[in-house]
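# Coordinate inspection notes
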Amino acid sequence: MALPVHAAGRVECNSLPSKILSRSVPYCIVLPASFDADKSRKFPILYDFHGLGDNEQFFVHSGLWNLVEDLRDKKQLKDFLIATPDADASFYINSRDGKNRYEDFLLQEFFPSIEKRYRAAPGRANRAISGVSMGGYGALHLAFRHPQLFVAVSAHSAALVDKLPSFLGASSSGSPRSRVLGGVFGNPPDPVFWDRNSPIAIARTANLAGLKIYFDCGDQDDYGFDAGAIVLDRVLTSRHIPHEFHIYPGHHNPSYFAEHLPASLQFHSRLFP
């Protein structure tokens, strides 16, 4: 007697030519089994952003894809698409010098192209965004700046820094942190530009009505991002903006992300139609 075989999803990796960035941008997309089984069906989509030093394949090489499959097997996740673009060290924003307009690429090229190619269901209710570390910064930045585009945003250990100079320390322009940030925020990083793009600063005035928000961070985050997360929590609380926030035991590392990623995936799954 043949046992029923579970139809597995798959990951497709490709690249998208970008006029805005003058190059092709690699991406991967996690497709549920039903994507191939029903060619007429349209799906909600979650954009998930990798951290610094990682790439578009972070769902594949980290084992997160297996986690998604397991959650689906257990009926703990609805069927939705998960798209992961390669962002290098862009922080998912337009750089201060205007040379790397990554946010423009996402809004004008990546989102529309991916949603057309992979049968994404239209409208805000079917689109959400998430990320870890640098990707968490990017997800919160984008969702807070363009809340009309997303039903929800989540972030794990987002690169949240309330005051840039204190983060960089005394020798700002030569520090490793400054070099990492330099290509995006100026070298030495420009505090005014930093504040203008900071999810914390944007959250102080943005109209976030209807946007569902989840974020967490480890209590021993190696970059002190837990302090930034606490500031963001206070800003949202002071404005009476509903959100879910947790400080959990842990550092800034893959094991922390893997442990808590199911929470954000299930958060988004519950909100999708």
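Residues numbered from 1 in each chain as written. Predicted model: local features only at pLDDT ≥ 70, side-chain atom pairs only at ≥ 80, totals over all residues. Heavy atoms only, no water.

## Some details on the pattern of salt bridges
The tally for this structure, following the rule as stated, stands at 10 salt bridges. Between R10 and D36 there is a salt bridge whose closest N-O contact spans 2.7 Å. Taken as a pair, R10 in strand β1 (residues 10–18) and D36 in helix α1 (residues 33–37) lie far apart in primary sequence, 26 residues in all. Take R10: its relative accessible area is 30%, and that puts it in the partly exposed class. Residue R72 is joined to D79 by a salt bridge in which the shortest nitrogen-to-oxygen separation is 3.6 Å. Take R72: its relative accessible area is 9%, and that puts it in the buried class. The exposure class of D79 is partly exposed, given its relative accessible area of 25%. Overlapping salt bridges, with partners in common, bring together R10, E12, D36 and K39 in one network. (Salt bridge = Lys/Arg side-chain N within 4 Å of Asp/Glu carboxyl O. Helix = DSSP H or I, 4+ residues; strand = E, 2+ residues; numbered from the N terminus. Buried < 20%, exposed > 50% of the residue type's maximum accessible area, 1.4 Å probe, protein only.)

## With respect to unusual backbone geometry
In this structure, P188 follows N187 across a cis peptide bond, with omega equal to 0 degrees. Looking at where P188 falls in the secondary structure, it is placed in the loop between α7 (176–185) and α8 (191–197). At S133, a residue that is not glycine, the phi angle is positive and equals roughly 55 degrees. Structurally, S133 is set in the loop between β5 (127–132) and α5 (134–145).

## Notes on the state of the cysteines
Overall, the coordinates contain one disulfide when judged by the stated rule. Bridging C13 to C28, the disulfide has an S-S length of 2.0 Å. Every disulfide takes its handedness from the sign of the S-S torsion; for C13 and C28 that torsion is 105 degrees, giving right-handed. Note that C13 is positioned in strand β1 and C28 in strand β2 (residues 23–31), a separation of 15 residues in sequence. (Disulfide = S-S within 2.5 Å.)

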